[in-house]
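Spelled out from the first residue to the last, the chains are:
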Amino acid sequence: MRKRIAVLLAGVMVCSMLTACGSADEPQEEPEAKQEEAKEEKPENKEEKETEPEADAEAGGEFTEEVTLDVAMMWPLDSTTDAKSYALNRAIERLEKDYPNIKVNYDGSVHDDYQTIMMTYAAADTLPDVFNVKGAWIPNLVENEQIGAVDEFFENDKDWSGKFDDEVLFDMEYDGHYYGAPFQNLCCSLVIYNKEIYKSVGYEKFPETWEDMMDCFAKLKDAGYVPLGVGNSGQWVANSCIFGAMGDRGAGGKWYEDIMEGTGDGFLDKDMLKGVEKMAELAEKEYLNTNLNSIDQFEVMPPYLNEEYASYVDGSWTFATLIATAGDNTSVIEKSGVAVLPAIDGGKGNYPATPGGSAWGQAYNAKLTGAKKQAAELFIKYTSDEEWCKDLAEKGDFGGMNIDYDYSAISPLVQEYAQLKNSVEKTPQYDCHFDTSVIDAMNTNFQELLIGEITPEEWGERVQEEYELILE
């Protein structure tokens with residue numbers, strides 16, 4: 001169904017606001033056989049695309065001509081709080097040292113702006129040479145022949161590609177091919193909480209059942225704290241970081257499979273709506289910050305560090321920025337813990353589990369040939385390899401490969417997360433796989449749901465209307 005829907009909705013990216021993350025444990029289909037089929041078909045397609053001759057890219061392991069890569073990604077090079085900005089600077093330095101003839105013309109922007117910019121580029125067919133791609137974008141980009149498969153890159157260097165496991169490759173696979181190299185491994189629905197504050201209301205750790213969490217939140221509210229901070233101005237946090245877990249808590253994995261196949265009750269599914277009902281309950285009981293739709297994922301951190309919020313919800317990308325935001329004042333970081341959202345009665349999903357995977361990958365423009373394509377291959381490798389992962393680890397973030405690193409040297413909080421992520425089940429991140437128009441409907445209506453303006457049933461009806469359009 002992913003391929004059919006992509007054909008119908010090619011170009012819809014220009015008006016959709018998307019999210020930060022997502023994934024699952026195993027690929028939707030075995031890619032090997034399809035890759036073999038593609039190898040037989042590619043020579044003919046390649047001849048059609050290579051209309052502009054380019055010099056041979058490498059001789060003796062070095063480029064023989066000047067190559068300038070236009071690169072656009074969601075990390076400003078001058079950021080002092082983003083771990084990936086740090087790793088990217090290091091990767092570009094390594095690349096240009098090893099290959100002096102490759103020059104990088106870099107355009108960086110923050111995550112939410114980047115998504116809008118890339119939609120504009122895609123609509124105008126002016127995508128850069130190398131870019132971050134989100135799993136949900138891949139079908140449309142493939143159908144529009146705007147993104148190249150990285151299968152041959154993987155085949156060219158198995159020492160590199162063999163270190164990615166299915167967990168992170170899942171979000172990059174479409175129609176039997178991979179279209180991005182994973183540069184991260186995420187858990188997208190986490191609660192960062194102040195252990196001392198929770199202990200003050202009688203909870204030694206984050207509650208494991210919804211009923212206990214509601215009791216804890218009531219006590220936190222009575223004590224003057226915002227129980228759970230949310231920064232949803234970009235519209236995606238409620239979807240990625242709350243519904244990603246709560247939808248699965250209610251409906252389990254079968255619902256996701258039905259959505260992808262166009263079967264089942266869709267967004268009117270009663271089990272899935274149990275998760276939405278729990279989200280609405282948080283709003284109804286005023287356990288969330290009232291300005292949740294006007295602050296972003298970064299602005300939620302200062303009130304947490306000031307101990308105004310007892311906890312906040314985010315993904316695993318939060319740790320590096322939280323630590324950097326705290327600076328020398330590490331007292332709250334030292335008191336912090338990390339947990340997944342609790343189990344709900346009558347739900348079909350497993351606890352503990354959290355949506356996770358790569359969500360995004362490093363991709364290249366399908367128009368590239370010759371030296372530029374090989375330079376793109378090198379850039380993609382340098383921004384996803386073990387050195388990249390080590391640079392991320394140094395700042396408390398996690399790359400797409402498992403590396404041996406002492407995260408306790410960064411922070412006990414990061415070490416606690418490192419242990420958690422290896423112990424919980426990973427579920428698909430919906431907003432990295434559903435059609436972009438459906439994601440947009442989910443996101444905008446979650447903003448209304450979390451301030452009590454619509455009911456869970458109204459949320460389901462609105463999203464279902466959009467979903468049914470792509471099934472026609």
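Please read all numbers here as calculations on a predicted model, not as lab measurements. (Residues numbered from 1 in each chain as written. Predicted model: local features only at pLDDT ≥ 70, side-chain atom pairs only at ≥ 80, totals over all residues. Heavy atoms only, no water.)

## As for the overall build of the protein
Cut-off, in case you're wondering: Numbering goes from the N terminus for both helices and strands, where a helix is a DSSP run of H or I of at least four residues and a strand is a run of E of at least two. Think of it in three bands: residues with accessible area under 20% of the maximum for their type are buried, residues over 50% are exposed, and the middle band is partly exposed, with areas taken using a 1.4 Å probe on protein chains only. A contact between two residues is defined here by any heavy atoms of the two lying within 4.5 Å.
Scanning the protein for helices and strands turns up 21 helices and 15 strands. Among the 472 residues that make up the protein, the fraction classed as buried is 57%. Residue pairs in contact within the protein that sit at least 24 positions apart in sequence constitute 80% of those at least 6 positions apart.

## What to know about helix 11 (residues 237-251)
Spacing of three or four residues puts side chains on the same side of an α-helix, whose turn is 3.6 residues. Stated formally: Expected helix span is computed as 1.5 Å times (number of residues minus one). Here the bend at a residue means the angle between the axes of two seven-residue stretches, the one that ends at it and the one that starts at it.
The terminal C-alpha atoms of helix 11, which comprises 15 residues, lie 20 Å apart, in line with the 21 Å expected from a rise of 1.5 Å per residue. Along helix 11, the sharpest kink reaches roughly 50°, centred on F243. In terms of residue burial, helix 11 counts as a mostly covered element, since 15 of its 15 residues are buried. Of the residues flanking the end of helix 11, it is G252, one or two places downstream, whose phi is positive at about 75°.

## So, the nonpolar core
This is how the line gets drawn: Residues enter a nonpolar core if they are buried and are Ala, Val, Leu, Ile, Met, Phe, Trp, Tyr or Cys, with the set joined through side-chain atoms within 4.5 Å.
Ranked by internal contacts, the top residues of the largest apolar core, which has 150 residues, are F217, F243, F267, F379, F434 and W459. It is helix 11 that contributes the most residues to this core, eight residues altogether.

## A look at the pattern of salt bridges
Spelled out, the test is: A pairing counts as a salt bridge when a side-chain nitrogen of Lys or Arg comes within 4 Å of a carboxyl oxygen of Asp or Glu.
Counted by the stated rule, this structure contains 22 salt bridges. In this structure, R462 and E448 form a salt bridge, with 3.1 Å as the shortest nitrogen-oxygen distance. You can see R462 sitting in helix 21 (residues 456-471) and its partner E448 sitting in helix 20 (residues 436-449), a full 14 residues away along the chain. Salt bridges sharing common partners tie together D271, K274 and K348.

## Brief notes about the sheet that holds strand 8 (residues 181-182)
Note the cut-off: Two strands qualify as a pair provided DSSP detects at least 2 bridges between them. Here an axis means a line fitted to C-alpha atoms, over the contact stretch when the element is a helix, while the angle between two N-to-C directions is reported on a 0 to 180 degree scale.
One open sheet holds the five strands; their spatial order is 4-3-5-14-8, and the pairing between them is mixed. Each end of this open sheet is capped by a strand with a single partner; those strands are strand 4 (102-108) and strand 8. One ladder, built from two bridges, connects strand 8 with strand 14 (residues 360-364); its direction is antiparallel. If you follow P182 over to strand 14, its bridge partner there is G361. Its contacts with the sheet put helix 17 (residues 370-382) on strand 3 (67-73), strand 4, strand 5 (130-134), strand 8 and strand 14, and the angle it makes with strand 3 is roughly 45°.

## With respect to the packing of helix 20 against helix 21
Which entries qualify depends on this criterion: Any angle from 65 to 115 degrees is called roughly perpendicular, while one under 35 is roughly parallel, one over 145 is roughly antiparallel, and all others are oblique. Take the far helix as the reference: if the near one is turned anticlockwise from it by less than a right angle, the crossing is left-handed, and if turned clockwise, right-handed.
The N-to-C vectors of helix 20 and helix 21 enclose an angle of 165°; their axes lie 9 Å apart at closest approach. Accordingly, the angle class assigned to the pair helix 20 and helix 21 is roughly antiparallel. Crossing of helix 20 against helix 21: the hand is right-handed. Facing S437, V438, A441, M442, N445, F446, E448 and L449 of helix 20, the residues of helix 21 in contact are P456, W459, R462, V463, E466, Y467 and I470.

## Section: a negative patch on the surface
Selection criterion: Patch definition: residues with relative accessible area over 30% and no salt bridge; like charges joined within 9 Å; nonpolar side chains (Val, Leu, Ile, Met, Phe, Trp, Tyr) joined within 5 Å. Here the Shrake-Rupley method, with its probe set to 1.4 Å, supplies the accessible areas, and only the displayed protein chains count as covering residues. Charge convention: Lys and Arg are scored as positive, Asp and Glu as negative, and His as well as the terminal groups of each chain are ignored. Where a charge lies is defined by one atom per residue type, namely NZ (Lys), CZ (Arg), CG (Asp) and CD (Glu).
Taken together, the side chains of E277, E457, E458, E461, E465, E468 and E472 define an acidic patch exposed on the protein surface. By residue number, the principal contributor to the negative patch is helix 21, which donates five residues. Along the chain, E458 turns up in helix 21.

## Examining the packing of helix 3 (residues 83-98) against helix 18 (residues 386-394)
Heads up, the rule is: Only Asp, Glu, Lys and Arg are considered charged in this grouping, and only Ala, Val, Leu, Ile, Met, Phe, Trp, Tyr, Cys and Pro are considered nonpolar; every other residue, Gly among them, is considered polar.
Two elements in contact, helix 3 and helix 18, have axes whose closest approach is 8 Å; the angle formed by their N-to-C orientations is 145°. Relative to helix 18, the crossing made by helix 3 is right-handed. Contacts between helix 3 and helix 18 involve A83, K84, Y86, A87, L88, R90, A91 and R94 from the first element and E387, W388, D391, L392 and E394 from the second. Considering only residue class, the contact of helix 3 with helix 18 consists of seven nonpolar, no polar and six charged.

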